[in-house]
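A closer look at the structure
Read off the chains here:
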Amino acid sequence: MDATAFIYELKEVKGKSKTYLIRKVFGYKDLSNHGNYAYERPGKLTPYIEEKWGKSVIITKRSSSTTVGNILKRSKIPHKKRNIKILD
């Protein structure tokens, strides 16, 4: 699969604003009633993410790399883009 790796850093953002930004862009798992119920809350990038490598690398299909780059740019998340090929 032809893919694109986005390496991003959030070291300039601190505290609550970092949590809010990550949740808005990448989504999160919402646990309610002391963990009895779990809900997946999607973010802006959720439909485009194929894999997530660690905390700061996401893998997307190469065809959607411009959309992902634009979302990261609009969210003011500094990132680097690398084209890769994933062998199955």
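For the structure, see preceding data.
Quick caveat: nothing in here was measured; it's all calculated off a predicted structure. Residues take numbers from 1 onward in each chain, read along the sequence in its written order. Local features in this predicted model are restricted to residues of pLDDT 70 or higher, and side-chain atom pairs are both shown and tallied only at a pLDDT of 80 or more, whereas totals for entire chains, interfaces and linings draw on every residue. Values shown for side chains rest on all heavy atoms present in the structure; no hydrogens or waters enter the calculation.

**Topic: the sheet that holds strand 5 (residues 57-61)**
A sheet is described by the order of its strands in space; here 4 strands give the open sequence 4-5-1-6, paired in antiparallel fashion. Both outer strands of the open sheet, strand 4 (49-53) and strand 6 (79-85), are each paired with one neighbouring strand and no more. Direction aside, the axes of adjacent strands within the sheet are offset by 25 degrees on average. Across 4 bridges, strand 4 lies against strand 5 in antiparallel orientation. Across the sheet, the residue bridging to Ile49 is Thr60, located in strand 5. Where helix 2 (residues 65-74) meets the sheet, it contacts strand 1 (2-8), strand 5 and strand 6, and its direction lies at approximately 10 degrees from that of strand 1. Pairing between strands requires that DSSP locate at least two bridges from one strand to the other. A run of DSSP states H or I qualifies as a helix once it reaches four residues; a run of E qualifies as a strand once it reaches two. Both are numbered from the N-terminal end. Fitted lines through C-alpha atoms give the axes, limited to the stretch in contact for helices. The angle between two N-to-C directions lies from 0 to 180 degrees. A contact between two residues is defined here by any heavy atoms of the two lying within 4.5 Å.

**Some remarks on the packing of aromatic side chains**
In summary, the pairing rule links any two rings of Phe, Tyr or Trp, Trp by its six-membered ring, whose centres are within 6.5 Å, and it sorts them by plane angle into stacked for under 30 degrees, edge-to-face for over 60 and tilted for everything else. Applying the stated criterion across every chain, the model contains 1 aromatic pair. Taken together, a centroid distance of 5.0 Å and an interplanar angle of 25 degrees make the contact between Tyr8 and Phe26 stacked. Residue Tyr8 is located in strand 1, and its partner Phe26 is located in helix 1 (residues 15-26); the two are separated by 18 residues in the primary sequence. As far as the burial class goes, Tyr8 and Phe26 line up, both buried. Our definition puts a charge over a ring when NZ of Lys or CZ of Arg is within 6 Å of the ring centre and also within 35 degrees of the ring normal. Above the plane of the ring of Tyr28 lies Arg23, whose end atom (NZ or CZ) is 4.2 Å from the centre. The lysine or arginine in question, Lys52, covers the ring of Phe26, its NZ or CZ lying 4.6 Å from the ring centre. Categorising residues by exposure relies on relative accessible area from a 1.4 Å probe, with only protein chains included: less than 20% of the type maximum marks a residue as buried, more than 50% marks it as exposed, and the intermediate range marks it as partly exposed.

**Remarks on the nonpolar core**
Think of a nonpolar core as a cluster: buried Ala, Val, Leu, Ile, Met, Phe, Trp, Tyr and Cys residues, connected wherever their side-chain atoms sit within 4.5 Å. Ranked by size, the top nonpolar core spans 12 residues in total: Phe6, Tyr8, Leu10, Leu21, Val25, Phe26, Leu45, Ile58, Val68, Ile71, Leu72 and Ile77. Among all residues touching Leu10, those that are not within four sequence positions of it are Lys18, Leu21, Ile22 and Ile77. Counting residues in each nonpolar core, the second largest holds 5 residues, with Ala3, Ala5, Val57 and Ile86 among its members.

**A closer look at helix 1**
In this model helix 1 runs 17 Å from its N-terminal to its C-terminal C-alpha over 12 residues, within 8% of the 16 Å that 1.5 Å per residue would give. Here helix 1 has its buried residues at Leu21, Val25 and Phe26. Burial along helix 1 is one-sided: seen end-on, the buried residues are contained in an arc of 90 degrees. Exposed positions of helix 1 whose direction lies more than 90 degrees from the buried face are Lys16 and Tyr20. The elements touched by buried residues of helix 1 are strand 1, strand 2 (28-32), strand 4, strand 5 and helix 2. A helix is expected to span 1.5 Å multiplied by its residue count minus one. The arc under discussion is defined with respect to the helix axis, by the directions toward the C-beta atoms.

**With respect to the pairing of strand 1**
As a general feature of sheets, a regular strand has side chains that alternate between the two faces. In terms of residue burial, strand 1 counts as a mostly covered element, since 5 of its 7 residues are buried. Here strand 1 runs beside strand 6; their pairing, made up of 7 bridges, is antiparallel. What sits directly across from Ala5, in strand 6, is Arg82. Sheet analysis places strand 1 next to strand 5, joined by 5 bridges and oriented antiparallel. Residue Thr4 lies in a different strand from strand 5, and its bridge partner there is Thr60.

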